[in-house]
Amino acid sequence: MKKIGLFFGSFNPIHIGHLILANYILENSDMDELWFVVSPQNPFKDKKSLLKDHNRLDMVQLAVKNYPNMRASNVEFSLPKPSYTIDTLTYLNEKYPEYSFSLIMGEDNLVSLHKWKNSETLIKNYHIIVYPRVFEGEKKDSDYLQHENISLIKAPVIEISATEIRNMIKEGKNVRPMLPPEVFEYLDGSSFYK
């Protein structure tokens, strides 16, 4: 059975931190592929600063084109909004019964997992790979880390944020080192985030 890791996000824009993390997970787990699932609207995020869905998908496709085990997924574009992870997983399981899906999330999401739709079902039925994140907020050692389906990986902590990149673009600062070259080219010369 092919093992697929699902990395959900707005990817607004996708940056080298996402790729470093995705590559680390592929190289240090038994995943066969990692899919970047571009979310049209995260129920917890403000939609105003979001680029159009297809622009964010284009950037992810450009960013992963040289990585044979990574792909961009627009599966949530056709599902009801807002997107709930459990609904997306149910849909993917029906569509690809021959695949086994795992969820990839940052440690900051783990502390709010109890607020997610059907979180108990999610934890019971899916392997969840948690990567370290620097964040303020609730206590780090979540009870969830004791669960057999949840693995904390020692991936490098990447302190690049899409918000920071958007702000730098708005201020006319150079973001080239933070973006895959194809994504930089895509944004450079556009009015995105300005």
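To keep things clear, this report deals only with the structure shown in the data block.

Conventions adopted
- Residues numbered from 1 in each chain as written.
- Predicted model: local features only at pLDDT ≥ 70, side-chain atom pairs only at ≥ 80, totals over all residues.
- Heavy atoms only, no water.
- Helix = DSSP H or I, 4+ residues; strand = E, 2+ residues; numbered from the N terminus.
- Buried < 20%, exposed > 50% of the residue type's maximum accessible area, 1.4 Å probe, protein only.
- Contact = heavy atoms within 4.5 Å.
- Areas by Shrake-Rupley, 256 points an atom, 1.4 Å probe, with all protein chains shown as cover.
- Lys, Arg positive; Asp, Glu negative; His and termini not counted.
- Charge placed at Lys NZ, Arg CZ, Asp CG, Glu CD.
- Phe/Tyr/Trp six-rings, centres within 6.5 Å; stacked < 30°, edge-to-face > 60°.
- Salt bridge = Lys/Arg side-chain N within 4 Å of Asp/Glu carboxyl O.
- Arc of directions from axis to C-beta.
- Pairing = 2+ DSSP bridges.
- Axes fitted to C-alpha atoms, helices over the stretch in contact; angles between N-to-C directions.

### Re the overall build of the chain
Then comes step 1: Within the chain, the regular secondary structure consists of seven helices and six strands.
Then comes step 2: Sequence-ordered secondary structure for the chain, helices as α and strands as β, is β-α-β-α-β-α-β-α-α-β-β-α-α.
Then comes step 3: Here the C-alpha coordinates of the chain stretch approximately 45 × 35 × 35 Å along the principal axes.
Then comes step 4: The buried share of the chain, reckoned over its 194 residues, is 48%.
Then comes step 5: Sequence separation of 24 or more characterises 71% of the internal contacts of the chain that already satisfy a separation of 6 or more.
Then comes step 6: When the accessible surface of the chain is totalled, it reaches about 10300 Å², and 49% of it is carbon and sulfur.
Then comes step 7: Taking the average place of the 23 positive charges on the side chains of the chain and the average place of its 25 negative ones, the gap between the two points comes to 5 Å.

### Brief notes about the packing of aromatic side chains
Then comes step 1: One pass over the full model with this rule turns up 11 aromatic pairs.
Then comes step 2: Between W35 and Y96 the ring centres are 5.5 Å apart and the planes differ by 75 degrees, which places this aromatic pair in the edge-to-face class. You can see W35 sitting in strand β2 (residues 33-38) and its partner Y96 sitting in the loop between α3 (85-95) and β4 (99-106), a full 61 residues away along the chain. Taken individually, W35 and Y96 each receive the classification buried, so the pair is uniform in this respect.
Then comes step 3: Between Y186 and F192, the ring centres sit 6.1 Å apart and the planes meet at 25 degrees, which makes this aromatic pair stacked.
Then comes step 4: Y186 sits in the partly exposed class, given a relative accessible area of 22%.
Then comes step 5: One aromatic cluster is present, formed by F7, F11, F36 and Y131 through successive ring pairs.

### Overview of the pattern of salt bridges
Then comes step 1: Within this structure, the stated rule accounts for eight salt bridges.
Then comes step 2: A salt bridge links K3 to D30, with the shortest nitrogen-to-oxygen separation between them at 2.6 Å. One end of the pair, K3, is in strand β1 (residues 2-9); the other, D30, is in the loop between α1 (16-27) and β2, with 27 residues separating them in the sequence.

### Brief notes about helix α6 (residues 162-170)
Then comes step 1: Taken as a whole, α6 has its buried residues at A162, I165, R166, M168 and I169. Buried positions in α6, seen along its axis, are confined to an arc of 165 degrees and lie on one side of it.
Then comes step 2: If you follow the buried residues of α6, they end up packed against α7 (181-187).
Then comes step 3: Just downstream of α6 lies G172, where phi reads positive at about 75 degrees.

### Details of the sheet that holds β2
Then comes step 1: One open sheet holds the six strands; their spatial order is β3-β2-β1-β4-β5-β6, and the pairing between them is parallel. Every other strand in the sheet has two partners, leaving β3 (70-73) and β6 (150-152) as the edge strands with one partner each. When strand polarity is set aside, the average angle formed by the axes of neighbouring strands in this sheet is 30 degrees.
Then comes step 2: Note: β4 against strand β5 (residues 127-131), five bridges, orientation parallel.

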